Each structure stands twice: as C-alpha cells, then as structure tokens.
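# Secondary and tertiary structure notes
Listed below, chain by chain, are the residues.
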Amino acid sequence: MTPALPAALAGLLRSAKRVAALTGAGISAESGVPTFRDAQTGLWARYRPEELATPEAFLRDPKLVWEWYEWRRGIVGKARPNPGHVALAEMERHIPHFTLITQNVDGLHREAGSRRVLELHGNIRRTKCFDENLVVESWPDTGEVPPRCPRCGGLLRPDVVWFGEMLPEADLTAAVEAAENCEVFLCVGTSAVVEPAASLPFYALRAGATVVEVNPGKTPLTGRASYSLRGAAGELLPALVAAAWKH
Ligand code: OAD
C-alpha cells in the first residue's frame, strides 16, 4: 500500500455497500484532455471558456462556439481512458450500489467500462437542436457552420450544459440521492467550485459519509474532507482499489 493511503480507508471501501464518486476534469487530465480551468492553447488562447460556454455566446456567434467545440471534440476523440477511469469502473464491480457522477462531457468513464454514470453536464459527442432541445443523430452536410436541424432548421449545438442552463433534472436528483445515502463519497479531480455539483460532497458530509478527496491541489473541500489524498487520480485510484480488494 502506498504510504498516502490510510489502511482504515481501504477497509471502509471493502465493506461499504453504498459508494458515490464525483469526478471532474482532473480525472481526464492524464488522458491528455486539458482541465477546464487550464490555460487554452493555440487559436483559442485568447478566449476564456466561461465566455464561450454560454447560450448568449452561441446566439451572438454560433460559428465561433461550434468551432470551439469541434476543436474540443478533436481532443476528446483522441483521448483514451486512463488508469483512474479504469479503477472507478473496477470499483463499481466490487460495490453493490455504486454511483458515478461526472461533470465531464468526454464520455471516458463509459469507455473505461463504468455502467451507471450520471453525466451532469451532458456529453460533447452528442448534438442537439438549440430550438427544440432534442438530440439529433445525423444531419445533411450543407457546409453550413453550425449545421442545421434536419427537423426544424434550427441551429445545432453540442448536448452539453452551458453556464446559466439547467442540469438534467433526473440525473441531478439521482446524484443528490446518491450523495445523501452513501457511506463513502469520493471527490476526484474537481476544483469543487461549480454548483450544483460542488455541493454534493457537502451533502454527503452532512449525512455522515466518509468523504475522500483525490486531487494534487487544494480545493474548498480540502479542509473539510475526511481524507485528502494529494496526487494524481491515475495513481491514487488504482492504489486504492488494490489496497481494498487485491491484498
Ligand atoms: P477544473 O478545471 O475546474 O478543475 C480540475 C481539477 O482537477 C483541479 O482541482 C486540479 O487540481 C485537478 N487535477 C488536475 N490534474 C489532476 C489529476 N491528474 N488527478 C486528479 N486531479 C487533478 O475542472 P472541474 O472541476 O471539472 O462545467 O470543472 C467543473 C465544471 O466547470 C466543468 O464541468 C465545466 C466548468 O464550468 C460546464 O461546462 C458546465
């Protein structure tokens, strides 16, 4: 067992019936997907993500926002799950009630084999109609950017949650329920500042769960978590799984 992992935590995980995990951009960092608050590179260096990921930005300049997502889709398309994603998928197979809640839109948790995944901020690989708010699977290539909805002619956009938009209600309800009813709550690779996801570990704490943070940096949760494991998810999560089930 690595020295950073308390033995009591491994025992707790091994015997837990209900575990929830919240992940953020940090878990995909080791897959080569830049975190949300990392500086952007290349053509996009002069834009702040918070200024592009809004319905207002899309209405003002749909081409710019669509192209930014094309660039991000390109990065995500090349990324593969890393040992951190794989460890969470493995945890799900050991724990009777395991809920994975993610703020990531990259789809890497499912690719790693996780089955029950609540994608609170949507999925960048899906596209929907801005006007109808319905998923669109395919559209004729007319060269227009962004393309248009084959049903109503509205503009197409990524099926992600932008700043100021509502989260998918059923998924958010399930996430709150999982946080309030788990024995162990893992908070992995998130700066824990964007609501409502940022409140989930605090709901878990209030309900008496053991809350474990996995992050190389400090966050608003660090001082409150039961355990704060400082390091990369791709190293610490496999070590945690090994300590709990492979000793
Ligand atoms: P952030 O970019 O805010 O935070 C990434 C976190 O990951 C930071 O706390 C880093 O310290 C940590 N980190 C970096 N590398 C890591 C590693 N190898 N292992 C573990 N942790 C690592 O991303 P999020 O917290 O996911 O929402 O951001 C939350 C939301 O803010 C995003 O989903 C996005 C944005 O607004 C929307 O677009 C709606």
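I will try to describe carefully the structure that is included in this document. Nothing here was measured: the structure is a model prediction, and the numbers come from that model.

## Remarks on unusual backbone geometry
- In this structure, the amide linkage connecting Val145 to the following residue, Pro146, adopts the cis form with an omega of -10°.
- Take Pro146: it is sitting in the loop between strand S5 (135-136) and strand S6 (156-160).
- A cis amide bond links Glu195 to the next residue, Pro196, at an omega of 0°.
- Locating Pro196 in the fold gives a position in the loop between strand S7 (184-188) and helix H9 (200-206).
- Positioned with a positive phi, Asn133 is a non-glycine residue whose angle comes to about 60°.

## Remarks on the packing of aromatic side chains
- Taken as a whole, this structure holds four aromatic pairs when the rule is applied.
- A ring pair is formed by Phe58 and Trp162, whose centres lie 5.4 Å apart and whose planes are at 40°; its orientation type is tilted. Here Phe58, found in helix H4 (residues 55-60), pairs with Trp162, found in the loop between S6 and helix H8 (169-180); they are 104 residues apart in sequence, far enough to count as distant. Just as Phe58 is buried, Trp162 falls in that class too.
- Aromatic pair Tyr69 and Trp162: ring centres 6.2 Å apart, planes at 45°, arrangement tilted. With Tyr69 in helix H5 (residues 62-78) and Trp162 in the loop between S6 and H8, this pair connects stretches of sequence that are 93 residues apart.
- By the ring-pair criterion, three or more aromatic residues cluster together here, those being Phe58, Trp68, Tyr69, Phe130 and Trp162.
- Above the plane of the ring of Trp66 lies Arg73, whose end atom (NZ or CZ) is 4.9 Å from the centre.
- Directly above the ring of Trp162 sits Arg157, whose terminal nitrogen or CZ lies 3.7 Å from the centroid.

## Examining the site of the ligand
- Inspection of the region around the ligand gives 21 residues, with Ala25, Arg37, Thr190, Ser191 and Asn215 positioned closest.
- Taking Ser191, its side chain carries an N or O atom lying 2.6 Å from an oxygen atom of the ligand.
- Between the ligand and Ala233, the relevant distance is 2.9 Å, taken from a nitrogen atom to a main-chain nitrogen or oxygen of the residue.
- Alone, the ligand offers 800 Å² of accessible surface; in the complex the protein occludes 87% of this.
- When grouped by side-chain class, the residues that make up the shell around the ligand number nine nonpolar, 10 polar and two charged.

About the thresholds
- Residues numbered from 1 in each chain as written.
- Predicted model: local features only at pLDDT ≥ 70, side-chain atom pairs only at ≥ 80, totals over all residues.
- Heavy atoms only, no water.
- Helix = DSSP H or I, 4+ residues; strand = E, 2+ residues; numbered from the N terminus.
- Phe/Tyr/Trp six-rings, centres within 6.5 Å; stacked < 30°, edge-to-face > 60°.
- Buried < 20%, exposed > 50% of the residue type's maximum accessible area, 1.4 Å probe, protein only.
- Lys NZ or Arg CZ within 6 Å of the ring centre and 35° of its normal.
- Near = heavy atom within 4 Å.
- Polar contact = N/O pair within 3.5 Å; in protein donor to acceptor, adjacent residues only side chain to side chain.
- Areas by Shrake-Rupley, 256 points an atom, 1.4 Å probe, with all protein chains shown as cover.
- Nonpolar A, V, L, I, M, F, W, Y, C, P; charged D, E, K, R; others polar.

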